[in-house]
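Residue-level listing of the chains:
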2 protein chains.
Amino acid sequence: MFRSAEALLRPKSIAIVGASDTSGSGWARAVFDNLAHGGFPARVYLINPKRDRLWDQPVYPSFAALPEKIDLGIVIIPAPLVPETLAEAAANGLKCALLYAARFGEGGDVEGQARTQAVVALCEKYGLRVSGPNCMGSISLREKLLLYPAPRVRALPEGPVGVVFQSGGTFQFWLQQAAARGLGFSYAISSGNELDLDLADYINFLVEDEHTRLIACMVEGVRRPAALLAAAEKALAAKKPILLVKVGRSAAGQQAAVSHTGALAGDDAVFDAVCAKYGITRCPSLDDMIETALAFSQGRLPRGERIGMAISSGGAKGLFLDYAQEEGATLATLTPETVAKLQPIIDPGVPAENPLDTGAGLATSAVRFTECCRIMVADPNVDLFAMYGMLPITAQDPANAQAYAGVRAATDKPVICFGRMAQNVTDLGRAFQAEVGLPYLHGMPATVRAAQALVRYAARVRSGVAPLPAPRGLDLAGAGLDCALAEHGLTPPRSGFAKTPAEAGRLAAALGFPVAVKIVSPEASHKSEVGGVALALGDEASVATAAQAMAERVRNVEGFLVQEMVDGVEMIVGARLDAQYGPIMVMGLGGVAVEAMRDIAIRLLPVDEALAREMIGSLRGKALLGEFRGRPARDVAALARAIAGLSRLFLAQNEYADFEINPLMVLGAGEGVRAVDVRLARRSS
Amino acid sequence: MFRSAEALLRPKSIAIVGASDTSGSGWARAVFDNLAHGGFPARVYLINPKRDRLWDQPVYPSFAALPEKIDLGIVIIPAPLVPETLAEAAANGLKCALLYAARFGEGGDVEGQARTQAVVALCEKYGLRVSGPNCMGSISLREKLLLYPAPRVRALPEGPVGVVFQSGGTFQFWLQQAAARGLGFSYAISSGNELDLDLADYINFLVEDEHTRLIACMVEGVRRPAALLAAAEKALAAKKPILLVKVGRSAAGQQAAVSHTGALAGDDAVFDAVCAKYGITRCPSLDDMIETALAFSQGRLPRGERIGMAISSGGAKGLFLDYAQEEGATLATLTPETVAKLQPIIDPGVPAENPLDTGAGLATSAVRFTECCRIMVADPNVDLFAMYGMLPITAQDPANAQAYAGVRAATDKPVICFGRMAQNVTDLGRAFQAEVGLPYLHGMPATVRAAQALVRYAARVRSGVAPLPAPRGLDLAGAGLDCALAEHGLTPPRSGFAKTPAEAGRLAAALGFPVAVKIVSPEASHKSEVGGVALALGDEASVATAAQAMAERVRNVEGFLVQEMVDGVEMIVGARLDAQYGPIMVMGLGGVAVEAMRDIAIRLLPVDEALAREMIGSLRGKALLGEFRGRPARDVAALARAIAGLSRLFLAQNEYADFEINPLMVLGAGEGVRAVDVRLARRSS
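Parameters and conventions
Residues numbered from 1 in each chain as written. Chains lettered and ligands numbered in written order. Predicted model: local features only at pLDDT ≥ 70, side-chain atom pairs only at ≥ 80, totals over all residues. Heavy atoms only, no water. Helix = DSSP H or I, 4+ residues; strand = E, 2+ residues; numbered from the N terminus. Buried < 20%, exposed > 50% of the residue type's maximum accessible area, 1.4 Å probe, protein only. Contact = heavy atoms within 4.5 Å. Areas by Shrake-Rupley, 256 points an atom, 1.4 Å probe, with all protein chains shown as cover. Lys, Arg positive; Asp, Glu negative; His and termini not counted. Charge placed at Lys NZ, Arg CZ, Asp CG, Glu CD. Pairing = 2+ DSSP bridges. Right-handed = clockwise from strand over helix to strand, strands pointing away. Salt bridge = Lys/Arg side-chain N within 4 Å of Asp/Glu carboxyl O. Least-squares fit on C-alpha atoms with pLDDT ≥ 70 in both. Domains from an automatic or database assignment. Axes fitted to C-alpha atoms, helices over the stretch in contact; angles between N-to-C directions. Parallel < 35°, antiparallel > 145°, perpendicular 65-115°, else oblique. Nonpolar A, V, L, I, M, F, W, Y, C, P; charged D, E, K, R; others polar. Buried area = accessible area lost by both parts, 1.4 Å probe. Polar contact = N/O pair within 3.5 Å; in protein donor to acceptor, adjacent residues only side chain to side chain. Disulfide = S-S within 2.5 Å. Core = buried A, V, L, I, M, F, W, Y, C linked by side-chain atoms within 4.5 Å. Patch = residues over 30% accessible without salt bridge, like charges linked within 9 Å, V, L, I, M, F, W, Y side chains within 5 Å. Left-handed = near helix turned anticlockwise from the far one by under 90°. pLDDT = per-residue confidence, 0-100. Arc of directions from axis to C-beta.

### Some remarks on the overall build of chain A
Here is step 1 of the chain: Within chain A one finds 22 helices and 30 strands.
Here is step 2 of the chain: Within chain A, the proportion of its 685 residues that are buried is 58%.
Here is step 3 of the chain: Relative to all contacts within chain A whose residues are 6 or more apart in sequence, the contacts with residues 24 or more apart total 72%.
Here is step 4 of the chain: Accessible area of chain A: about 26,300 Å², with a carbon and sulfur share of 52%.
Here is step 5 of the chain: Taking the average place of the 67 positive charges on the side chains of chain A and the average place of its 71 negative ones, the gap between the two points comes to 3 Å.

Now the structure itself:
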């Protein structure tokens, strides 16, 4: 499933194809200089049939002429020459080619697509690996391999973050700013068109790399969804968090990504479901991904979801509360012991509660402020702690690294330092951050999001990825379906067949009122047109009377169908096969008006009852299922069982691609659900 | 309505009360040093009954002992001493006191509240003005008046931004970071508890100040809503944009703000309606307010809403499209002439469209890239232009200020430069930004929000604030109400009274089917219990039959009420008096299920048809009013007329505090609306 990026990222020998001062607008020279500057320890050859010597080195006319087989060919030649050159290279044992050039069919041009096909054929024939085309190269920090055509990457520090960006233009800026904030890198790859090696391959490489502890990606499109899922599962098992920014929330953004990368778009909401299942953190912006990477870089995970926070400002505390609610964060309730310890330290008149405003009196005392923090982080109700703190910008700024480091040392819980806003981070600031040993984040919204990302990731690490069972080939034909639905909590409305009006009345009494009565007769195929349907009948006599009246209007009466009428909250619950990511569950509130608002939740299967409850809880209109305007709460437990049942049922069969229950009526607490209408669509294959 | 902050911000004489090296933890000394450092040109006296000389100056025992009357007393003494000291000061002609101390009843303590009452009494008796208490002072940049107790404010540059923060702790950090980004300040006030001078007073001062062109605030609570509205209206008329961050989106945040400031909370959604009416930009975070202030600082406003954008990256273009949709931005469609001019300049294979990805080939050519920008900004379909650009951090970074300045010079439209992400902004970067003459924003989400803020503000500047008409004292008692509703587009369902079953049938035919029939009889007060109601009758015969059947069940039949049954989209439309901000309109989709989602829009009155359409367009479930699942579109024009009519009707009377129409049924296009149920509540006074 995974192709190796070893020859790209850890080559033992390199050849620069198209070596000259001018080729690729000077890129060949820039890459060569970066290799020389980094001190790349292995052999670097130059290839150019028009030269003998360049940059104090011999130049070879071809791969055939080289004294050894080459791991990595860095190909800086015009796109039209690439297929022919690679054919010679592959025939002479090249393991991997890095292609920078564009015009490989990105905009849909036919010549470029033919070029791509020719290179793909070489990959298949020779087992050649290709990175790019249409990329900005890769950087292997430990290997001192700076295959990026600009000197600014020389300043990037080594560290635990592995980076894969499909957008080569954005790549360098993220690396630079992340480095300015104190992050360091193991490998950084701009993956371009992903003609061969793709996102899944690179993530797999980074998961297997012992120096990478955290993976950050910018994604425009996913070429091999199944491989991505496998890589994500492997990353989760290895406790290496994946963070990503993905283009495509909007239709226009998705279309731009499709035409830019040539990858299939897929349903963006399903991608969110992928992230939820595999513990991937999807960040709303490139800046946000830096804050979240900083939060993850400390390597600590919370044991629960309860966040503690301290700052020396009432106004900032108010804003923090707003952001906490926006992000759905759970705030810790301090124990009475913690409150009693805090009260004498903080300013008089401010409440000792979480989130804590210590009062402005502690703003200038790092010692007293961090004493409060140590007390709070030790509270058993706090799982993760956010501590106000700014990095010094100049030597004049107050700085007490020991005080803040003391909070880290006093606990094994994750601690995030945060400022109210962004600030310039200087060498002094980075050194201070390193001395404290805690990440310093910018801004309260990003801090709350990062804390929530830690909480969600930790929960997923604990739960792992629920495996998809192999289908049992359950046969749902005919009566088996109703039975299977009922067995899985998808109870149909109660009903029965009566031969006479009197029997219909007794049956209705047994079913419970109100009921609907429908005539059964070969002459009444359109029952309502012939007056063969009566709804909302409330007692035995009405049922018998209505049935009698129907019988008088129609000949050849066989009997009467009596069915309970259900009144509840309408839901839509469905399981289907997504073209990219396989079986998914889609559920939401039903009814025309509500459907217009698209208040739905999507998760990958399997969905158990706990996950079903999470889905229900994520609906904007979930209040409808609770006590609402004097009506008692609905049977949410039965709804969760029904959703989990549908998940099991869908996975047990391999005949249908789509189950939709619309409506699934949710009755009062203890009364269950009723699958009023069930539609199935067969798999097309 | 407004109290003058003149003596606070432009005093001619100052006395520091409590002058000593130790008072206020050294604050007195710090303020004195800041005054000396700034070179404040007017007279500064020291007051302390326990001293004779200090800091090479004479010290006076009291205000009475001073050689002149004082404009501003800077009071740095413990809270319990404040009332007595101020009494002496006010009696001796002090115009304004700046109180730093806390413990004036913020946490609800009784002693502090008594202190506040004592000072308020002095304000009333002597016309004394007070700034604070519980604040961090003020800064008047042109007057060299640095009344903030720390040296770091000395580095703040002069400029056009006036600042009012209720949170003194947050104040300095915003100023520092805004300055780092190139913003300068006229006046900056931390307003604290606002015992006397408040947000509205300070905004009024800044609007009247000729050097202030932009006002930035952090708000926890509004003490005098009517004064704030008046100040906001004055600011809009003076074309001085107000930006603010307000605590209180969440109930918890609001509660924290209330207990921190003592101001009333009010409805946060109504505050959004205030912002919409007065062109106030509410920023989601402190960082965002810096980006938006930068965007406004260029002083140009767009003539329309169409945004153009250029960047040299397809991935970034995709993200920009996502953010544009999230923020509801309108993107410009380029003319064919513009497309033809762009095509030969940009990389081959990338489309010449807006937003523009020029291709990576232009990433290193500021000249070619800005040539594209000049072409785009000249397009008549572009009202505002966002141009990719980074500030140089060090002298090694590429920098071509002329190229970017050329885009500014080529147009009078607003142009925003933006980077994909935050970056450190150094002296070099600020100088570059000043040379270009355009603001450089951080991050695409904030850039789109800032562009939208410019678009919305410009629209409000064009429209102005619609005035509230004086109530005409319209009498709505009795039959006048139905008539007035109908005249204002709030059509009731058609109905009539029939004496006999046959007449009921004919009346129904005249009204149009289906109809409901209700018996009118003194014996049938609970009509449905006695079988006195029939719904959904579809023809004349059914009506007559149903009426006949009712008449047989009840004695003393007076006749029958026949009413059209309406089937449409249920809305809730209401006008009411908000306790803080006066008359407001609340509208949204109706029906139990939809109400659970709180899909509503709120605006301050008056609401005309254009604003009503904007409210309708802001609903998540607005799709229900358009063509939906094969059903034709609803009569949105009639809905807008009804909303505007309700606005006029509500404002014409002064008897009722609350009109609620629930449901207002919206029928098919051309069929109007029906105000099925109208409830009124009288004013309590």
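Past the structure itself, the notes keep going.
### Looking at the pairing of strand β19 (residues 415–419) of chain A
Residue and element names in this part refer to chain A.
Here is step 1 of the chain: A large share of β19 lies buried, amounting to 5 of its 5 residues.
Here is step 2 of the chain: For strand β18 (residues 384–388) and β19, the ladder comprises 4 bridges, and the chain directions are parallel. Considered in β19, the bridge of M387 is made with C417.
Here is step 3 of the chain: Note that the unit made of β18, helix α14 (residues 401–409) and β19 has a crossover that is right-handed.
Here is step 4 of the chain: Across 3 bridges, β19 lies against strand β20 (residues 440–442) in parallel orientation.

### Comments concerning the pattern of salt bridges
Two side chains of opposite charge can pair, provided their charged atoms sit close to one another.
Here is step 1 of the chain: Enumeration according to the criterion identifies 70 salt bridges over all chains in this entry.
Here is step 2 of the chain: As a salt-bridge pair, A:R249 and A:D268 come within 2.8 Å of each other at their nearest N and O atoms. With a gap of 19 residues between them, A:R249 in the loop between β13 (242–246) and α8 (251–261) and A:D268 in helix α9 (residues 268–278) connect regions that are remote in the sequence.
Here is step 3 of the chain: Salt-bridge contacts for B:E291 lead to B:R181; the nearest nitrogen and oxygen are separated by 2.7 Å. Of this pair, B:E291 sits in helix α10 (residues 286–297) while B:R181 sits in the loop between α5 (168–180) and β11 (185–190); the two residues are 110 residues apart in sequence, bridging distant segments of the chain. The residues B:E291 and B:R181 share a single accessibility class, namely buried.

### Some words on the pairing of strand β24 (residues 559–564) of chain A
All names here are of chain A.
Here is step 1 of the chain: Pairing of strand β21 (residues 495–498) with β24 involves 4 bridges; the strand directions are antiparallel. Paired with S495 across the bridge in β24 is Q563.
Here is step 2 of the chain: Bridge analysis of strand β22 (residues 515–520) against β24 gives 6 bridges, and the strand direction is antiparallel. When the bridges of β24 are listed, V520 appears paired with G559.

### Description of the relation of the copies chain A and chain B
Here is step 1 of the chain: For these two chains of identical sequence, chain A goes onto chain B by a turn of 180° and a shift of 0.0 Å along the axis, with RMSD 0.2 Å. Taken together, the turn and the small shift mark the pair as related by a two-fold rotation axis. Residue A:N424 of chain A places its C-alpha closer to the rotation axis than any other residue of that unit, at 2.4 Å.
Here is step 2 of the chain: Mapped onto chain B, 98% of the interface residues of chain A are again interface residues, and the two copies thus contact each other with one and the same surface.

### Overview of the domain arrangement of chain A
Many structure descriptions define interface size as the accessible area lost when the parts assemble.
Here is step 1 of the chain: You can read the domains of chain A as domain 1 (6–288), domain 2 (298–463), domain 3 (494–564) and domain 4 (569–682).
Here is step 2 of the chain: When each unit is reduced to the centre of its C-alpha atoms, the spacing between domain 1 of chain A and domain 3 of chain A is 70 Å.

### Some remarks on the packing of helix α3 (residues 82–91) of chain A against helix α4 (residues 110–126) of chain A
For any two helices packed against each other, the geometry is given by the interaxial angle and the distance between the axes.
Residue and element names in this part refer to chain A.
Here is step 1 of the chain: It is the contact of α3 with α4, at a shortest axis distance of 9 Å, that shows an interaxial angle of 5°. On the basis of their axis angle, the class for α3 and α4 is roughly parallel. Together, V82, P83, L86, A87, A90 and A91 of α3 and R115, A118, V119, L122 and Y126 of α4 make up the contact between the two elements.
Here is step 2 of the chain: Classifying every residue of the contact of α3 with α4 gives 10 nonpolar, no polar and 1 charged.

### Considerations on the sheet that holds strand β23 (residues 533–537) of chain A
Pairing between the strands of a sheet is mediated by backbone hydrogen bonds and can be parallel or antiparallel.
Residues and elements named next belong to chain A.
Here is step 1 of the chain: The 4 strands lie next to each other as β21-β24-β22-β23, forming an open sheet whose pairing is antiparallel. Each edge of the open sheet carries a strand with a single partner, namely β21 and β23. Between one strand axis and the next, the sheet turns through 20° on average, direction left out of account.

### Structural notes on the sheet that holds strand β23 (residues 533–537) of chain B
Residue and element names in this part refer to chain B.
Here is step 1 of the chain: With respect to topology, 4 strands assemble into an open sheet ordered β21-β24-β22-β23, the strand pairing being antiparallel. The sheet terminates laterally at β21 (495–498) and β23, the two strands that pair on one side only. Ignoring strand direction, the axes of neighbouring strands in this sheet form an average angle of 20°.
Here is step 2 of the chain: Where helix α19 (residues 540–553) meets the sheet, it contacts β22 (515–520), β23 and β24 (559–564), and its direction lies at approximately 170° from that of β23.

### Brief notes about the side chain of A:Q433
Residue and element names in this part refer to chain A.
Here is step 1 of the chain: By secondary structure assignment, the location of Q433 is in helix α15 (residues 427–436).
Here is step 2 of the chain: Residue class for Q433 comes out buried when judged on its relative accessible area of 8%.
Here is step 3 of the chain: In this structure, Q433 is in contact with R181, G182, L294, L391, L438, P439 and Y440, ignoring residues within four places of it in sequence.

### Here's the deal with the interface of chain A and chain B
Here is step 1 of the chain: Listed per partner, the contact involves 65 residues of chain A and 65 residues of chain B.
Here is step 2 of the chain: Buried surface at the junction of chain A and chain B, summed over both partners, amounts to about 5,000 Å²; 63% is from carbon and sulfur atoms.
Here is step 3 of the chain: Along the contact surface separating chain A from chain B lie 20 residue pairs in polar contact (both at pLDDT 80 or more).
Here is step 4 of the chain: At the level of elements, α5 (168–180), β13, α8, α10 (286–297), α11 (314–326) and α20 (592–595) of chain A are the ones that each hand at least two residues to the side of chain A that touches chain B.
Here is step 5 of the chain: Ranked by the residues each element gives to the side of chain A that touches chain B, the list is headed by α11(A), at 11 residues.
Here is step 6 of the chain: Across the side of chain A that touches chain B, the residue classes tally to 30 nonpolar, 22 polar and 13 charged.

### Here's the deal with the state of the cysteines
Disulfide: a covalent bond connecting the sulfur atoms of a pair of cysteines.
Here is step 1 of the chain: On inspection of all chains with the given rule, the structure shows 0 disulfides over all chains.
Here is step 2 of the chain: A:C417 carries a free sulfur, and the closest cysteine sulfur to it, the one in A:C373, is 8.2 Å from it.

### Here's the deal with the nonpolar core
Here is step 1 of the chain: Counting 303 residues, the largest nonpolar core has A:W174 and B:W174 as the members making the most contacts within it.
Here is step 2 of the chain: Residues within four places of B:W174 in sequence aside, it is in contact with A:M421, B:V163, B:F165, B:F185, B:A216, B:L286, B:M289 and B:I290.

### Quick notes on a nonpolar patch on the surface
Residue and element names in this part refer to chain A.
Here is step 1 of the chain: The grouping of V533, L535 and M565 at the surface amounts to a nonpolar patch, some 230 Å² of accessible area in total.
Here is step 2 of the chain: Looking at where L535 falls in the secondary structure, it is placed in strand β23.
Here is step 3 of the chain: Judged by relative accessible area, L535 falls into the exposed class, the value being 55%.

### Section: the packing of helix α7 (residues 225–237) of chain B against helix α9 (residues 268–278) of chain B
All names here are of chain B.
Here is step 1 of the chain: Where α7 contacts α9, the axes come no closer than 10 Å and their chain directions differ by 30°. Between α7 and α9, the angle is such that the two are roughly parallel. Both α7 and α9 take part in a crossing whose hand is right-handed. Packed against α7, whose contacting residues are L228, L229, A232, E233 and L236, the element α9 presents F271, V274 and Y278 at the interface.
Here is step 2 of the chain: Taken together, the residues that form the contact of α7 with α9 break down as 7 nonpolar, no polar and 1 charged.

### Concerning the confidence of the model for chain A
Here is step 1 of the chain: The predicted model of chain A averages 93 in pLDDT, with 98% of residues at 70 or higher.
Here is step 2 of the chain: Interface scoring of the predicted complex returns ipTM 0.92; its pTM is 0.93.

### A closer look at α3(A)
All names here are of chain A.
Here is step 1 of the chain: Every buried residue of α3 is listed here: V82, P83, L86, A89 and A90. For α3, the arc enclosing every buried residue in end-on projection is 125°, short of the 170-degree limit, so these residues lie on one face.
Here is step 2 of the chain: On its buried face, α3 is in contact with β5 (72–75), β6 (96–99), α4 and β7 (129–131).

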